[in-house]
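Descriptive analysis of the structure
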Amino acid sequence: MRVFVSLVLFVLTAFTTAGAQAGHDISITIKGYEQQELYLAYHLGDKQYIRDTVKVQADGTFHFKGEGVLEGGVYLVVMAPDNDFFQILVDDKNQQFSVVTQKDNSAEHMSFTGSEDNSLFYSYLGFINSRRPEAERLGKAISDASGAEKSALQKEQEALNSSVIDFQRKLVADHPKTLTAAIIRANLPFDTPDFEGTEDEIQRQRWRYTQQHYFDNVDLGDVRMLRTPFLFQRVDYFINKLQVQHPDTMALAVDYILERMKPAEESFKFFLVHYLNEYAKSKIVGMDAAYVHLVDKYYRTGVASWTEEESLKKILESADKLKPLLIGKTAPNIEMRKKDGSKVSLHEVDSDYTILYFWRYDCGHCKESTPFMKAFYEKFKDKGVKLFAVCTKFTDEIEGCWEYVDENGIQDWLHTVDPYHQSRFSKLYDIRSTPQIYVLDDKKEIISKRIGADQLEELMNRILEQKASEGVGSDK
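Thresholds, definitions, all that
Residues numbered from 1 in each chain as written. Predicted model: local features only at pLDDT ≥ 70, side-chain atom pairs only at ≥ 80, totals over all residues. Heavy atoms only, no water. Helix = DSSP H or I, 4+ residues; strand = E, 2+ residues; numbered from the N terminus. Rg over C-alpha atoms; globule rule 2.2 N^0.38 Å. Buried < 20%, exposed > 50% of the residue type's maximum accessible area, 1.4 Å probe, protein only. Contact = heavy atoms within 4.5 Å. Areas by Shrake-Rupley, 256 points an atom, 1.4 Å probe, with all protein chains shown as cover. Lys, Arg positive; Asp, Glu negative; His and termini not counted. Charge placed at Lys NZ, Arg CZ, Asp CG, Glu CD. Pairing = 2+ DSSP bridges. Axes fitted to C-alpha atoms, helices over the stretch in contact; angles between N-to-C directions. Phe/Tyr/Trp six-rings, centres within 6.5 Å; stacked < 30°, edge-to-face > 60°.

From N to C terminus, the protein includes 13 helices and 15 strands. Computed over C-alpha atoms, the radius of gyration of the protein comes to 30 Å, more than 25% over the 23 Å expected from 2.2 N^0.38 for 476 residues, which places it beyond the range of a compact globule. Dimensions of the protein, computed from C-alpha atoms along their principal axes, come out at roughly 90 × 60 × 40 Å. Scored against the burial criterion, the 476 residues of the protein give a buried share of 44%. Looking at the protein alone, contacts between residues at least 24 apart form 67% of all its contacts between residues at least 6 apart. Working note: accessible area of the protein is about 25100 Å², and carbon and sulfur atoms make up 48% of it. On the protein, the mean spot of the 59 positive side-chain charges and the mean spot of the 74 negative ones are 2 Å from each other.

Laid out in structure tokens, this is it:
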């Protein structure tokens, strides 16, 4: 399977049929198409993939044929050499039909034999296309009009929209089992009630209502939806736009989606794997909590039973490393040594805020971070902030740490080393690269982590502002 990167997404598509037969056999005739090859592709996630490539037969037809059953959904028949395409709908109950069309304006010349669902779908597209000129005329006229004329035109537009929605709803009611109906229904708007209150209150109520009813018309348990051009975008919008961007909230949103996808095992698997990988590589601070949640709920419990043993082991190990370092957890204590050899532990540091900074003197990014760290500490050292710096070098390389400190005039930080790695700091904090920064509160709980040195000042200002606002009106 190879990714087909040149296809253009479109707005709608779909349909289905009855009568189960062994394998698939889809005959395509394209008048005016002179190329020797034709491709069958499908939507999956936000990409398209080639499923099959066939050569033209002696009678000028192309046959996509095989013993296996095609997964239901929207497929693309792609023509060389410019990747022009038209769509066909495939249902797992009927995969033997023929298509006749023309190379140019293929949608207008589409004819099907043996697929009532495809015929229905293109009939629907014809209806929509017949209304488009009037919709465009009204849209332009409304933008140019004003006053009573504009109001009259807007009423015409509303009447046109209502007629389209009525047609869609009747088609869905008359053909409820078809893929055409499922796709049209999925793209119907849901009714939003009128809300009362201030503008902010109304917006908040609308947002909550949209969250709760966003999938009212989408059957997430229908596996055919997985191979449509809109499902991935809809799910992603729900999780990444309609939710508060907090790892706990987003993890619960993924749970909500997966629960409704349980009847569609392939959809469930696709989206679980997708969001696990997304949170694993996320650069958003704290999003590793969502990763840990998915691992604990679905992988550690055996729900993701398709995962190979070696991969599962790595996933669980990764979550186990991240879990003690999640925001809100108490940072693991480490006992280090100062330049004079005396011991000092992280949890002994008495300060409102502690910046835990892992670095190396031969690390290019650490060198770039030094001026930012130096300026930050000068600004905040009298505001309850201490900097606990850990040079990650060992044994005979330790001397370079102290030389770098002196050369860069940063002696007033609390500098520490662990020559023989007795504290196991690199394992406890999963130090795979440097620099690494953790921001801790007075209880040594992690407030933020793995941010850039240039972000520290802005972050600390926000933390102090929040603390000040929380203190207003308190008895302390």
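So, on to the sheet that holds strand β5 (residues 73-79). One open sheet holds the 4 strands; their spatial order is β3-β2-β5-β6, and the pairing between them is antiparallel. On the outer flanks of this sheet lie β3 (47-55) and β6 (84-90), each paired with one strand and no other. Pairwise comparison of adjacent strand axes, ignoring direction, gives a mean angle of 30° for this sheet. Across 8 bridges, strand β2 (residues 37-44) lies against β3 in antiparallel orientation. Its bridge partner being in β3, Leu-40 is matched across the sheet by Asp-52. Packed onto the sheet, helix α3 (residues 179-186) meets β5 and β6 and runs at close to 110° relative to β6.

Take the packing of aromatic side chains next. Across all of its chains, the model carries 29 aromatic pairs by this definition. Taking 5.9 Å as the distance between ring centres and 65° as the angle between the ring planes, the aromatic pair formed by Phe-195 and Tyr-209 counts as edge-to-face. With Phe-195 in the loop between α3 and α4 (199-213) and Tyr-209 in helix α4, the pair connects residues that are 14 residues apart, well separated along the chain. Classification of Tyr-209 as buried rests on a relative accessible area of 19%.

Quick look at the sheet that holds strand β7 (residues 96-102) now. Spatial ordering of the open sheet is given by β4-β1-β7-β8, a layout of 4 strands whose pairing is mixed. The sheet is open, and its two edges are formed by β4 (62-66) and β8 (111-113), each paired on a single side. Looking at each pair of strands side by side, their axes are set apart by 15° on average, direction ignored. One ladder, built from 7 bridges, connects strand β1 (residues 24-31) with β7; its direction is parallel. In the sheet register, Ile-28 faces β7, and the bridge partner there is Val-99.

With that out of the way, let us pick up unusual backbone geometry. Of note, the bond from Ala-80 into Pro-81 is cis; its omega dihedral lies within 30 degrees of zero at -5°. The step from Thr-434 to Pro-435 runs through a cis peptide bond, and the omega angle for that step is 0°. Here Pro-435 is to be found in the loop between α12 (425-428) and β14 (436-440). Within the chain, Thr-395 stands out as a residue other than glycine whose phi angle is a positive 40°. Position of Thr-395 among the secondary structure elements: in the loop between β12 (385-391) and α11 (398-407). A residue is classified by how much of its surface remains accessible, and Thr-395, at 41% relative accessible area, is partly exposed. Even without a glycine there, the phi angle at Arg-450 is positive, about 50°. Assignment of secondary structure puts Arg-450 in the loop between β15 (446-449) and α13 (456-471). Among the residues examined, Arg-450 registers a relative accessible area of 35% and is labelled partly exposed.

Moving on, we get to the pairing of β5. Extensive coverage of β5 is indicated by the burial of 7 of its 7 residues. With 5 bridges joining them, β2 and β5 adopt antiparallel strand pairing. Residue pairing for β5: Tyr-39 is matched across the bridge by Val-78. Between β5 and the antiparallel strand that follows it, β6, lie 4 residues; Asn-83 among them carries a positive phi value of about 65°.

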